[in-house]
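A look at the structure
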Number of protein chains: 2
Amino acid sequence: MGGRIWNTRETQRLQRLNKAAQALGNDLTGKVLPHHRTVDLLNTVLQPFDRVCLEGNNQKQADFLAKALVQVNPARVNNLHMLQSVLALPQHLDVFEQGIAKRLDFSFSGPQSARLAKLVSSGQLEVGAIHTYLELFGRYFIDLIPNVSLIAAHSADAQGNLYTGPNTEDTPAIVEATAFSGGIVIAQVNELVDTLPRIDVPADWVSFVVKAPKHHFIEPLFTRDPAQISEIQVLMAMMAIKGIYAPYQVQSLNHGIGFDTAAIELLLPTYGEELGLKGQICQHWALNPHPALIPAIEAGWVKSIHSFGSELGMENYIRARSDIFFTGPDGSMRSNRAFCQAAGHYACDLFIGSTLQIDLNGNSSTATLGRIAGFGGAPNMGSDARGRRHCSPAWLKAGEQARTGLGGARGTPRGQKLVVQMVETFREHMQPAFVETLDAWQLAEQAKMELPPIMIYGEDVTHILTEEGIANLLLCRTDEEREQAIRGVAGYTPVGLARDHRMVENLRDRGVIQRPSDLGIDPRQATRNLLAARSMRDLVRASDGLYSPPQRFRNW
Amino acid sequence: MGGRIWNTRETQRLQRLNKAAQALGNDLTGKVLPHHRTVDLLNTVLQPFDRVCLEGNNQKQADFLAKALVQVNPARVNNLHMLQSVLALPQHLDVFEQGIAKRLDFSFSGPQSARLAKLVSSGQLEVGAIHTYLELFGRYFIDLIPNVSLIAAHSADAQGNLYTGPNTEDTPAIVEATAFSGGIVIAQVNELVDTLPRIDVPADWVSFVVKAPKHHFIEPLFTRDPAQISEIQVLMAMMAIKGIYAPYQVQSLNHGIGFDTAAIELLLPTYGEELGLKGQICQHWALNPHPALIPAIEAGWVKSIHSFGSELGMENYIRARSDIFFTGPDGSMRSNRAFCQAAGHYACDLFIGSTLQIDLNGNSSTATLGRIAGFGGAPNMGSDARGRRHCSPAWLKAGEQARTGLGGARGTPRGQKLVVQMVETFREHMQPAFVETLDAWQLAEQAKMELPPIMIYGEDVTHILTEEGIANLLLCRTDEEREQAIRGVAGYTPVGLARDHRMVENLRDRGVIQRPSDLGIDPRQATRNLLAARSMRDLVRASDGLYSPPQRFRNW
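Residues numbered from 1 in each chain as written. Chains lettered and ligands numbered in written order. Predicted model: local features only at pLDDT ≥ 70, side-chain atom pairs only at ≥ 80, totals over all residues. Heavy atoms only, no water.

You'll find chain A entered in an unreviewed UniProt entry as Malonate decarboxylase subunit alpha, with Limnobacter humi given as the organism.

Take the sheet that holds strand β16 (residues 418–422) of chain A next. Residue and element names in this part refer to chain A. Read from one edge of the open sheet, 8 strands run β12-β11-β10-β13-β16-β19-β20-β21, paired in mixed fashion. Of all the strands in the sheet, the pair left with one neighbour each is β12 (304–306) and β21 (513–514). As paired elements, strand β10 (residues 252–255) and strand β11 (residues 284–286) share 2 bridges and run parallel to each other. Note that in β11 the partner of L253 across the bridge is W285. Most of the contacts of helix α8 (residues 231–248) go to strand β19 (residues 463–466), to which it runs at about 155°, and overall it touches β10, β13 (350–353), β16, β19, β20 (469–472) and β21. Against the sheet, helix α9 (residues 259–274) makes contact with β10, β11, β13 and β16, and its axis sits at roughly 135° relative to β10, the strand it touches most. (Pairing = 2+ DSSP bridges. Helix = DSSP H or I, 4+ residues; strand = E, 2+ residues; numbered from the N terminus. Contact = heavy atoms within 4.5 Å. Axes fitted to C-alpha atoms, helices over the stretch in contact; angles between N-to-C directions.)

Residue and element names in this part refer to chain B. Following the criterion strictly, the structure yields 66 salt bridges over all chains and no others. Put simply, R13 and E10 hold a salt bridge, and the shortest N to O gap is 3.0 Å. Of this pair, R13 and E10 both sit in helix α1 (residues 8–24), 3 residues apart, which is roughly one turn of the helix. E10 gets classed as buried once you look at its relative accessible area, which sits at 18%. We note a salt bridge from D170 to R337, for which the minimum N-O separation is 2.6 Å. Of the two residues, D170 is situated in the loop between β7 (162–163) and α7 (171–179) and R337 in helix α12 (residues 337–346); the sequence distance between them amounts to 167 residues. Here D170 matches R337 in class, with each residue buried. (Salt bridge = Lys/Arg side-chain N within 4 Å of Asp/Glu carboxyl O. Buried < 20%, exposed > 50% of the residue type's maximum accessible area, 1.4 Å probe, protein only.)

Glancing now at the sheet that holds strand β16 (residues 418–422) of chain B. Residue and element names in this part refer to chain B. Overall, mixed pairing links the 8 strands, which are arranged β12-β11-β10-β13-β16-β19-β20-β21 in an open sheet. Unpaired on one side and paired on the other, β12 (304–306) and β21 (513–514) mark the two borders of the sheet. As defined by bridge partners, strand β10 (residues 252–255) adjoins strand β13 (residues 350–353) across 3 bridges and the pair is classed as parallel. Each bridged residue has a counterpart across the sheet, and for H255 the counterpart in β13 is I352.

Least-squares fitting of chain B to chain A yields an RMSD of 0.0 Å, with the superposition described by an axial translation of 0.0 Å and a rotation of 180°. Both chain copies can therefore be described as sitting about a two-fold axis. Considering only C-alpha atoms, the part of chain B nearest the rotation axis is P202(B), at 3.2 Å. Interface overlap between copies is the fraction of interface residues in one copy that are interface residues in the other; for chain B against chain A it reaches 100%, indicating a shared surface. (Least-squares fit on C-alpha atoms with pLDDT ≥ 70 in both.)

Moving on, we come to helix α14 (residues 393–403) of chain A. All names here are of chain A. The buried fraction of α14 is high, at 8 of 11 residues. All of the buried residues in α14 are A394, W395, L396, A398, G399, Q401, A402 and R403. On its buried face, α14 sits against α8, α15 (408–411), β16 and β20. G405, located one to two residues past α14, shows a positive phi value of around 90°.

Now for the interface of chain B and chain A. Residue-level contacts link 103 residues of chain B with 103 residues of chain A. Between chain B and chain A the total buried area reaches about 8600 Å² when both faces are included, carbon and sulfur atoms providing 59% of it. One can count 12 salt bridges joining chain B with chain A. Of the charged contacts in the structure, one is a salt bridge between E459(A) and R386(B), with a shortest N-O distance of 3.7 Å. On inspection of chain B and its partner chain A, the count reaches 51 residue pairs in polar contact (both at pLDDT 80 or more). The element contributing the most residues to the side of chain B that touches chain A is α12(B), with 6 residues. A breakdown of the residues in the side of chain B that touches chain A according to their chemical character gives 47 nonpolar, 28 polar and 28 charged. (Buried area = accessible area lost by both parts, 1.4 Å probe. Polar contact = N/O pair within 3.5 Å; in protein donor to acceptor, adjacent residues only side chain to side chain. Nonpolar A, V, L, I, M, F, W, Y, C, P; charged D, E, K, R; others polar.)

The next point concerns the domain arrangement of chain A. Residue and element names in this part refer to chain A. According to the domain assignment, chain A contains domain 1 (9–211) and domain 2 (226–536). Distance from the C-alpha centre of domain 1 to the C-alpha centre of domain 2: 34 Å. Domain 1 puts 30 residues into the contact, and the matching count from domain 2 is 29 residues. Each partner contributes to the roughly 2300 Å² buried at the junction of domain 1 and domain 2, and carbon and sulfur atoms together form 54% of this total. Looking at the side of domain 1 facing domain 2, the largest losses of area belong to L134, P166 and R198, adding up to 24% of the total buried there. Taken together, domain 1 and domain 2 are joined by 4 salt bridges. Between R337 and E169 there is a salt bridge; the shortest N-O distance is 3.2 Å. For the pair domain 1 and domain 2, the number of links is 21 residue pairs in polar contact (both at pLDDT 80 or more). Elements with a minimum of two residues in the side of domain 1 that touches domain 2: β4 (101–108), α5 (113–121) and α6 (133–139). (Domains from an automatic or database assignment.)

Our next topic: the packing of α1(B) against helix α2 (residues 38–45) of chain B. All names here are of chain B. Where α1 contacts α2, the axes come no closer than 9 Å and their chain directions differ by 145°. As α1 packs across α2, the resulting crossing turns out to be right-handed. Contacts between α1 and α2 pair R16, K19, A20, A23 and L24 from the former with D40, L41, T44 and V45 from the latter. In terms of residue class, the contact of α1 with α2 is made up of 5 nonpolar, 1 polar and 3 charged. (Left-handed = near helix turned anticlockwise from the far one by under 90°.)

This part takes up empty space enclosed by the protein. Going through the model one piece at a time under the given rule, you end up with 5 cavities of 30 Å³ or more. The volume enclosed by the largest cavity comes to roughly 210 Å³. What lines the largest cavity is a set of 20 residues, and nearest its centre among them are E176(A), W205(A), P172(B), W205(B) and R334(B). Residue assignment for the lining of the largest cavity shows that the elements contributing at least two residues are α7 (171–179) of chain A together with α7 and α12 of chain B. Ranked by the residues each element gives to the lining of the largest cavity, the list is headed by α7(B), at 3 residues. (1 Å grid on protein atoms, 1.4 Å probe; cavity = no way out; pocket = protein on both sides within 12 Å on 5 of 7 lines; lining within 4 Å. Points joined across faces, edges and corners; volume = space filled by probe spheres on them.)

So, on to the pairing of β13(A). It is a general feature of regular strands that their side chains alternate between the two faces of the sheet. Residue and element names in this part refer to chain A. Residues L350 and I352 of β13 are buried on one face, and the alternating residues F351 and G353, pointing to the opposite face, are buried as well. As defined by bridge partners, β13 adjoins β16 across 4 bridges and the pair is classed as parallel. Counterpart to G353 in the pairing with β16 is Q421.

Residue and element names in this part refer to chain A. Of the two faces of β19, both are covered, the one formed by H463 and L465 as well as the one formed by I464 and T466. Inspection of the sheet shows β16 paired to β19 by 3 bridges, in the parallel sense. The residue bridging M422 from the neighbouring strand is L465, located in β19. The sheet contact formed by β19 and β20 spans 4 bridges and is antiparallel.

Tallied over the full model, the rule gives 10 aromatic pairs over all chains. An angle of 40° between the planes, with centres 5.6 Å apart, marks the rings of F141(A) and F326(B) as tilted. Of the two residues, F141(A) is situated in the loop between α6 and β6 (148–156) and F326(B) in the loop between α11 (315–320) and α12; the pairing between them involves two chains. Here the two residues F141(A) and F326(B) agree in accessibility, since each one is buried. Judged by centre distance (6.2 Å) and plane angle (45°), the ring pair of F137(B) and Y140(B) falls under tilted. The burial state of F137(B) is the same as that of Y140(B); both residues are buried. Cluster of aromatic residues (ring-pair linked, three or more members): F141(A), F326(B) and F339(B). Across from the ring centre of Y248(A), 5.3 Å away, lies the NZ or CZ of K397(A), which sits over that ring. Its end group placed over the ring of Y133(B), R337(B) keeps NZ or CZ at 5.3 Å from the ring centre. (Phe/Tyr/Trp six-rings, centres within 6.5 Å; stacked < 30°, edge-to-face > 60°. Lys NZ or Arg CZ within 6 Å of the ring centre and 35° of its normal.)

Together, R410(A), R477(A), R410(B) and R477(B) make up a positively charged patch on the protein surface. Note on R410(B): relative accessible area 33%, which makes it partly exposed. (Patch = residues over 30% accessible without salt bridge, like charges linked within 9 Å, V, L, I, M, F, W, Y side chains within 5 Å. Areas by Shrake-Rupley, 256 points an atom, 1.4 Å probe, with all protein chains shown as cover. Lys, Arg positive; Asp, Glu negative; His and termini not counted. Charge placed at Lys NZ, Arg CZ, Asp CG, Glu CD.)

The subject of this paragraph is the side chain of R528(B). All names here are of chain B. Its place among the elements puts R528 in the loop between β21 and α20 (536–542). Despite its burial, R528 pairs with no opposite charge; the closest candidate is E231, at 5.7 Å N-O. Engagement of the side chain of R528 in a polar contact is seen with the backbone oxygen of P226, the distance being 2.7 Å. Of note is the side chain of R528, whose polar atom sits 3.0 Å from the backbone oxygen of R534. What R528 contacts, discounting residues up to four positions off in sequence, is P226, A227, Q228, I229, E231, V234 and R534.

Structure (structure tokens):
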């Protein structure tokens, strides 16, 4: 093609850098800029229709840059296409209201999901798609390549090298996609220092550094106060350990956020020990440094933990337990969401999480009417990793249960990931967790989605665990069996009450449904005394004073 | 646990570094060591039973370090557990014969697969498992954490910062897992320089650097001489474009290695143009810089390419086409196997590859008797990405075809990845590609594997394309239909000859099987004249002289 220009992206990068150098003059020292010029920088560097990746996940937030972005001149900077893991801050939507941004591709919008739905229906915001994190990162290299990225790090040196600290999270994926495609990387940092503890992102990959007036926000999302764990949750945790972890010999796993899984973590060194399971299960983890895991770590249950991000207050504990956590020679943790999601998908035997609704096919969703929420990492962790080829007892047993008696392609032996949904039959406000039809269907119509926003598909769910029992969907051979297995653990919800009693008893005889008594679990034993820690203070004590909970979790 | 020590990994790291400093004395300048001391370094740093990650994929090889490893003292260094993407060099197995290494976890062993099988049966080598690349990387963070990594980069500076050059490949995954778990990272480099073109790996993450006497080996694995493309391959490529890419509107995709897919690449600017498909298909790619893609790039078909690794001879072309390829500000490419595999899994509509054997369920494998080969990236790219949530026309259409008429969990609407197996009915030496039973079954018994080594499962395959036609397995509703659809494109192989003619014709009427004539393709048009380049020289010309093929591909 005579005359076609093939380096527009690199030329644009240089033009943007030059324009910034001119506009900022002496305020720019190398790559470092005083924070009061940030809006000027963005006004200069951004162009209409740019794809802009704004860092922020469920923990750290490039909040100073998010606030600066709201202040750019919409006459100059508009129609931005925002790419972000999580919509968390009000500013993340303000940019749409103010006509600065138009289109959005994202993974999770929990705190902003209702406002997001309103902006979509008013036409101020177009949703490209909802993704799981690793999927969104993948698209950064394929068809959603960022032009500009706004990221957060802990500190920078004068050259622009970055230290992310323990919350590395999404930064490496975002920066790599941007820096190597002619993009501009702008980092907010808490501190400028002479020498970094270590370099997490080389200065070559960074265009500008701004020291923000305040440290970037981090949410202690994975902290659960053991005092709030109920005895029903203790009972369910006992069932998880004895009814799933033990028989499948689950060695590598991920726990989602919540009190249900916190209860399991706190039962390992007590109930798990009693069952003689130490060393037999739960040695390798893909999860953030959950404080509730401290007693199990101290009791020697845990061999390794790789993390998506860190957790506030766990810094000194992690530093003192570097055999367990991934840490640098400097002693602080290195997290990495992309690698941890890949590991969660491919190297873990089990994912256990919770949901708001489950239907009769086992499809589950946290989507509710009037909210566009997304699912973060759950679709990736909670789907069968069909590319997996290495064997483990858990994976082989699940695969065998799923395929016994099947012929053809579906009967060809392969392993399967354990995907467990752990829910009480009623959630808060007495809303049933089991429903005939997911709200997701109506939401899809409302928001004109191509498919209902299902978090985990029934095809991928292997077990549903409630206070009434465990339904092993791997053993169901027909849609009807699956439906009755689900009804059979759905308690007093309408779905549960409409069960076919004879069929449910038959499923119980076959071990498809297991009640606590079938597992030899005495519900009277399910008391809070079984928890290895019953308060935040117990966790601090278990950590030998190394864990330092954020203020709001302290009541002493 | 009173008295438990929690920093053994970090302590060991420091001990290893100290021992090395003592043993190497003045030969060690910072982190840089003269190459003649490499064996001494390994003898000092390695300990029995260490997990050692030796870098090498299908392209670049840490070959100098591999040769040094064979020379360590087995009385001192033994029982190593080797972790590697690819077994490619003789030294990769010599370490087992010499009692230095004992256990192996890997992904692909093409060139060494027969010798590997022998070492396994003689008991000199224990295979942990075969993985797909991203799965192996995932385990580096979970239960296969390396103690020592031996890696390859292009150059280093005096501090130990590394420039990997265009062949970054597996390096970031290996180094991150090792450097942040108390491990030792040893890099061989081609050059020591004052200033690197860019930093790919920060010095903080690197323990030792050795300038190897020769540049590390790189295999031009993705170069296919268009002169060797047959007219049958042209016909099959026409069917792929008109029968699959066009109706599904495939926008993002991966092509495997081989002449079949090279033919497709070379037909885009000719046949694809004739069909008016430019801009409609094939704009975003996850693949190495295939020289056969040059004419399509030049004709404006391609918007972006992200790569696992680079390809020899393509350096200047890539540099001059930085809008298409991921390149650094220095102009050279940045590849990254982990991100490209994630993108291939989650952000691509289609994977098309080849195989040696396909059975009646659509299961395929390249495993053959007496060889333990592994499958590299194919299981990851060639499996349905069940965590994917973003929609594209291709993904939605495939999902709809697969689910129409199904009830229950299997009938819940979701998209599906297109996974195409493209094979001639007979491969070399007139071996049929279609078989009643895969060799994989017998191999599993021979090598005592838990499961037969299947590369791509029939459950995940959507289309089989041969010179006889396309079988769309998405449209098959029973095992019997699937079997006949496969027989119906299996030509004159015994499997093909045993077809039920009436059922095959019925499948053809329903569009499950499509012959060239059903697609409006005239086989007489399928000549080599349709190829946009018919020789290596044509490719060089198409690149405006920027592509510089390796010597062995030049016959002028």
